Amino acid sequence: PAPPQALFEGALTLAAAPRALAFGPSDGKTGVDVQSPIVVWFSESLARSSVNLGSLGVRRVEGGGGVNRTVAFYNGDRCAVLVPISPLQADAEYEVFASEGLHDLSGTRFVPPVNGVLASFRTASATSGLKPQVVGSFPPAGAINVPHNSDVTVVFSKPVSYESAIANIRIEQV
């Protein structure tokens, strides 16, 4: 195991290894905006120090290294938002990958798929003129172990105004 990290308010730790539960864009999605962030929702809080270009990232399927990006964390560090530094290439296939370098707060390492690929998507052929799309909402539908005071996060493919977002997003108890 990796060194444990300090717990913080909103953190979730489980006995099992962390798992990737949901992705935005969803696996296999096509027509993804080249400016879109990439979102991965995990079963428990990640140790931020374990997230680097080699442990969680995005890369072109047809060669090329990882996409330079920044990372933002939400919902008790269970939601990692990868924001490419520059637009992705149009009409290209990308994959989201992870390695066992990723770990949770207790030091339990992520167990990646054999090829390391969590999900893949294809960007749109147009590089402009696309309307904003919801990349993901978190917690995702059907999520469990969500703290009762957890924030709801909605990630869009490009910036939207606060006024537009609050006027058009509705949260309902099911």
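Structure report, in brief. Note that the coordinates shown come from a computational prediction; the quantities given were computed from them, not determined experimentally. In this numbering scheme, every chain counts its residues from 1 along its sequence in written order. Local features in a predicted model are, by the rule used here, given only for residues with pLDDT of at least 70; side-chain atom pairs are given and counted only at 80 or more, and totals for whole chains, interfaces and linings are based on all residues. To obtain the side-chain values, all non-hydrogen atoms of the structure were included, while hydrogens and water were left out.

**Section: the overall build of the protein chain**
Helix and strand labels come from DSSP, where a helix needs a run of H or I of at least four residues and a strand needs a run of E of at least two; each type is numbered from the N terminus. The secondary structure content of the protein chain amounts to 1 helix and 10 strands. Reading the helices (α) and strands (β) of the protein chain from amino to carboxyl end gives β-β-β-β-β-β-β-β-β-β-α. Our radius of gyration is a C-alpha quantity, and the globule rule it is checked against amounts to 2.2 Å times the number of residues to the power 0.38. In summary, the protein chain has a C-alpha radius of gyration of 16 Å against a globular reference of 16 Å for 174 residues, a match within 12%. Once the C-alpha set of the protein chain is aligned to its principal axes, its extents read approximately 45 × 40 × 25 Å. Three labels apply to residues, based on accessible area from a 1.4 Å probe with only protein chains included: buried if under 20% of the type maximum, exposed if over 50%, partly exposed otherwise in between. The burial tally for the protein chain puts 40% of its 174 residues in the buried class. Two residues form a contact once any of their heavy atoms are found within 4.5 Å. Expressed as a percentage of contacts within the protein chain between residues at least 6 apart in sequence, the contacts between residues at least 24 apart total 69%. Surface accessibility in these figures is a Shrake-Rupley result with a 1.4 Å probe; residues are shielded only by whichever protein chains are displayed. As displayed, the protein chain has an accessible area near 9400 Å², and 52% of this comes from carbon and sulfur atoms. Separation between the mean location of the 12 positive side-chain charges and that of the 14 negative ones in the protein chain comes to 3 Å. Positive charges come from Lys and Arg alone, negative charges from Asp and Glu alone, with His and the N- and C-terminal ends not counted. Taken as the charge location is NZ of Lys, CZ of Arg, CG of Asp or CD of Glu.

**Some words on a nonpolar patch on the surface**
A surface patch of nonpolar side chains, amounting to about 280 Å² of accessible area, comprises Val 152, Ile 169 and Ile 171. Here Ile 171 lies in the segment after helix H1 (162–168). Judged by its relative accessible area of 62%, Ile 171 is exposed. Only residues whose relative accessible area exceeds 30% and that form no salt bridge are eligible for patches; like-charged ones are grouped when within 9 Å, while nonpolar side chains (Val, Leu, Ile, Met, Phe, Trp, Tyr) are grouped when within 5 Å. Put simply, a salt bridge is a Lys or Arg side-chain nitrogen that is within 4 Å of an Asp or Glu carboxyl oxygen.

**Focus: the nonpolar core**
The nonpolar core is taken to be a set of buried Ala, Val, Leu, Ile, Met, Phe, Trp, Tyr and Cys residues, with the residues joined through side-chain atoms within 4.5 Å. By size, the foremost hydrophobic cluster in this structure holds 22 residues, and its most contacted members are Phe 42, Leu 56, Val 58, Leu 102 and Phe 121. Taken together, the elements giving at least two residues each to this core come down to strand S3 (38–42), strand S4 (56–60), strand S6 (79–84), strand S7 (93–98) and strand S8 (117–123). In this structure Val 58 touches Ile 38, Gly 66, Val 67, Leu 82, Tyr 94, Glu 95, Val 96, Phe 97 and Phe 121, once residues within four positions along its chain are discounted. Trp 41, Val 81, Val 135 and Phe 138 belong to the second-largest nonpolar core, a separate cluster that totals 8 residues.

**Overview of the layout of surface pockets**
In this analysis a 1.4 Å probe is tested at points of a 1 Å grid over the protein atoms alone, and where it fits but cannot get out there is a cavity; an open set with protein on both sides within 12 Å along at least five of seven lines is a pocket; lining residues have an atom within 4 Å of a point. Grid points are joined across faces, edges and corners, and a volume is the space filled by probe spheres set on the points. In this structure, the largest pocket occupies an estimated 690 Å³ of space. Lining of the largest pocket is provided by 26 residues; of these, Ser 137, Pro 139, Val 152, Arg 170 and Ile 171 occupy positions nearest its centre. Within the residue set of the lining of the largest pocket, elements represented by two or more residues are strand S9 (134–138), strand S10 (153–156) and H1. Considered as a void within the structure, the second largest pocket measures approximately 160 Å³ in volume. Lining the second largest pocket we find Gln 35, Pro 37, Val 154, Val 155, Phe 156, Ser 157, Lys 158, Pro 159 and Val 160.

**Some remarks on the packing of aromatic side chains**
Aromatic pairing here means that ring centres of Phe, Tyr or Trp (its six-membered ring) are within 6.5 Å. Orientation follows from the plane angle: under 30 degrees is stacked, over 60 is edge-to-face, and everything else is tilted. Taken as a whole and judged by the stated rule, the model has 2 aromatic pairs. Summarising the aromatic geometry, the rings of Phe 42 and Phe 110 are spaced 6.1 Å apart at their centres and angled 85° between planes, so their arrangement reads as edge-to-face. With a gap of 68 residues between them, Phe 42 in strand S3 and Phe 110 in the loop between S7 and S8 connect regions that are remote in the sequence. Assigned by exposure class, Phe 42 and Phe 110 land together as buried. Both rings, one in Tyr 94 and one in Phe 121, keep their centres 5.8 Å apart while their planes meet at 15°; by these two values the pair is stacked. Taken as a pair, Tyr 94 in strand S7 and Phe 121 in strand S8 lie far apart in primary sequence, 27 residues in all.

**Considerations on the sheet that holds strand S1 (residues 20–24)**
Strands in a sheet are paired, the pairing made by backbone hydrogen bonds, and the direction either parallel or antiparallel. When DSSP finds at least two bridges between two strands, those strands are taken to pair. As summarised here, the arrangement of the 4 strands in space is S1-S3-S6-S5, forming an open sheet in which the pairing is antiparallel. If you trace the sheet from one side to the other, it starts and ends with S1 and strand S5 (69–74), each paired once. Geometrically, the sheet is characterised by an average inter-axis angle of 20° between neighbouring strands, direction not taken into account. Strand direction decides the pairing type here: S3 and S6, joined by 4 bridges, are antiparallel. Residue pairing across strands places Val 39 opposite Val 81, the latter belonging to S6. Only the stretch in contact is used when a helix axis is fitted, and all axes are lines through C-alpha atoms; the angle between N-to-C directions ranges over 0 to 180 degrees.

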